[in-house]
Amino acid sequence: MRPSEMTGRTAGNDSANAPQLTVVGSVNLDLVARCERLPRAGETLTDATFERHPGGKGANQAVAAARLGADVSFVGSVGQDDLAEEALAGLREAGVELSLRHGGSTGVALIIVDAEGENQIVVAPGANSELGAVEADGAVLCQLEIPLAAVNSASVAAARFFLNAAPARPIPAELVRAAELVVVNRFELEALPVAPRLTALTLGPDGAVLLEEGEEITRAAPPRVQAVDGTAAGDAFSACLVVSRLEGREWDESLRRACAAGALAASRRGAQPSLPTAGEVDAILSQ
């Protein structure tokens, strides 16, 4: 793997008051097929449409946080191939500062989306699986599409560590307990070895609930939208919840904003193209 490549921000947030966030995670190119319904095992469906979008849970959350007003740095790994720049395009456009390693092939996600916005996703991680220990201080947000060595090192160095424990996989109890906040869905919650100190449990169209040591302390419902594509809804939720807390908002308000961001993302096509701005979150909450 080649040494890190540092690239500066070309656009983004100029405010000195913007919250600072480092996202350590995956970056993929999403290959999306849209069809009327999801295929059954062994079944071939035709008449689908095809799209390509930048993706990866880490990159999605970095772009989402930048659009929501944070000053964002991203640490990740891409391949030495023609897909890398296409996969990084959304990060560059959002003005995210990049610290990149290179090796193997760029990660790819194969995504099928049906007419109701439900999806099936298979990821070939490529260079994401080669990301090793990283240096990241301040507030750090990680996911589980990268090796645990990278997540562990980020958690140790971070002043504030946030974890979106997705996709579900075995992780050490001490990593869960190290996180100030763990964001999960029902399946991911069942996979955790211990209860987090603070859990944001997403419930799809029913919104989300916040649990402290397993006990509910608040919940929020999302605004009504027409679901089109849920691919990045969880990433929008995670990023908005973390950014809201870094802005100093109370948990009730932070959870409402996160639910609104997730709903907005689900109402649009694509992963990074669907991610809302802070102004769009404000607007839908004011309706």
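Structure: see above.
Please read all numbers here as calculations on a predicted model, not as lab measurements. (Residues numbered from 1 in each chain as written. Predicted model: local features only at pLDDT ≥ 70, side-chain atom pairs only at ≥ 80, totals over all residues. Heavy atoms only, no water.)

Trainee: Explain the overall build of the chain here, please?
Mentor: For the chain, the helix and strand inventory stands at eight helices and 14 strands. For 287 residues, the compact-globule formula gives about 19 Å, and the C-alpha radius of gyration of the chain, at 18 Å, lands near that figure. Here the C-alpha coordinates of the chain stretch approximately 45 × 45 × 40 Å along the principal axes. Buried residues in the chain amount to 53% of all 287 residues. Across the chain, every contact between residues at least 6 apart in sequence was considered, and the portion connecting residues at least 24 apart equals 59%. As presented, the chain carries roughly 12400 Å² of accessible surface, and 50% of it is formed by carbon and sulfur atoms. On the chain, the mean spot of the 23 positive side-chain charges and the mean spot of the 38 negative ones are 2 Å from each other. (Helix = DSSP H or I, 4+ residues; strand = E, 2+ residues; numbered from the N terminus. Rg over C-alpha atoms; globule rule 2.2 N^0.38 Å. Buried < 20%, exposed > 50% of the residue type's maximum accessible area, 1.4 Å probe, protein only. Contact = heavy atoms within 4.5 Å. Areas by Shrake-Rupley, 256 points an atom, 1.4 Å probe, with all protein chains shown as cover. Lys, Arg positive; Asp, Glu negative; His and termini not counted. Charge placed at Lys NZ, Arg CZ, Asp CG, Glu CD.)

Trainee: Sorry if this is basic, but what is going on with the side chain of Ser155 here?
Mentor: Topologically, Ser155 is positioned in helix 3 (residues 148–157). Of the polar contacts made by the side chain of Ser155, one reaches the backbone oxygen of Asn152; its length is 2.7 Å. (Polar contact = N/O pair within 3.5 Å; in protein donor to acceptor, adjacent residues only side chain to side chain.)

Trainee: What should I look at first to understand the packing of aromatic side chains in this one?
Mentor: Between two aromatic rings, the relevant description is the distance of the centres plus the angle of the planes. Counted under the stated rule, the structure contains zero aromatic pairs. Its end group placed over the ring of Trp251, Arg245 keeps NZ or CZ at 4.0 Å from the ring centre. (Phe/Tyr/Trp six-rings, centres within 6.5 Å; stacked < 30°, edge-to-face > 60°. Lys NZ or Arg CZ within 6 Å of the ring centre and 35° of its normal.)

Trainee: In this structure, what is going on with the side chain of Thr218? I would like to understand it.
Mentor: Mapped onto the elements of the fold, Thr218 is located in strand 14 (residues 215–220). For Thr218, a relative accessible area of 11% corresponds to the buried category. Polar contacts involving the side chain of Thr218 include one to the side chain of Asp252, which spans 2.7 Å. With residues near it in sequence (within four places) discarded, Thr218 still touches Val209, Leu210, Asp252 and Leu255.

Trainee: Mind showing me how you'd approach the pairing of strand 5 (residues 71–78) here?
Mentor: Of all eight residues in strand 5, eight are buried; the element is thus mostly enclosed. Along strand 5, one buried face is formed by Asp71, Ser73, Val75 and Ser77 and the opposite face, lined by Val72, Phe74, Gly76 and Val78, is buried too. In terms of strand pairing, strand 2 (residues 20–24) meets strand 5 through five bridges, oriented parallel. Note that in strand 5 the partner of Gln20 across the bridge is Asp71. Of the strand pairs in this sheet, strand 5 and strand 6 (residues 97–102) are connected by six bridges, and their pairing is parallel. Paired with Val75 across the bridge in strand 6 is Ser99. Taken together, strand 5, helix 2 (residues 83–93) and strand 6 form a β-α-β motif whose crossover is right-handed. (Pairing = 2+ DSSP bridges. Right-handed = clockwise from strand over helix to strand, strands pointing away.)

Trainee: Hey, could you run me through the sheet that holds strand 4 (residues 49–55) in this one?
Mentor: Pairing between sheet strands relies on hydrogen bonds along the backbone, with the strands arranged either parallel or antiparallel. Strands sit in the order 4-3-7-8 across an open sheet of four strands; the sheet is mixed. Looking at strand neighbours, the two that pair on one side only are strand 4 and strand 8 (119–124), the edges of this open sheet. Within this sheet the neighbouring strands show an average axis-to-axis angle of 20 degrees, counted without direction. Across seven bridges, the pairing between strand 3 (residues 28–34) and strand 4 is antiparallel. Across the sheet, residue Ala33 finds its bridge partner in strand 4, namely Phe50. (Axes fitted to C-alpha atoms, helices over the stretch in contact; angles between N-to-C directions.)

Trainee: I keep staring at the pairing of strand 9 (residues 139–142) and nothing clicks. Help me out?
Mentor: The side chains of a regular strand alternate between the sheet's two faces. The two faces of strand 9 match: Ala139 and Leu141 on one face and Val140 and Cys142 on the other face are all buried. Judged from the three bridges that link them, strand 2 and strand 9 form a sheet pairing that is parallel. Note on strand 9: the bridge partner recorded for Val24 is Cys142. As defined by bridge partners, strand 9 adjoins strand 10 (residues 160–164) across four bridges and the pair is classed as parallel. Directly across from Val140, in strand 10, lies its bridge partner Phe161. Taking the sense of rotation as the criterion, the β-α-β connection linking strand 9, helix 3 and strand 10 turns out right-handed.

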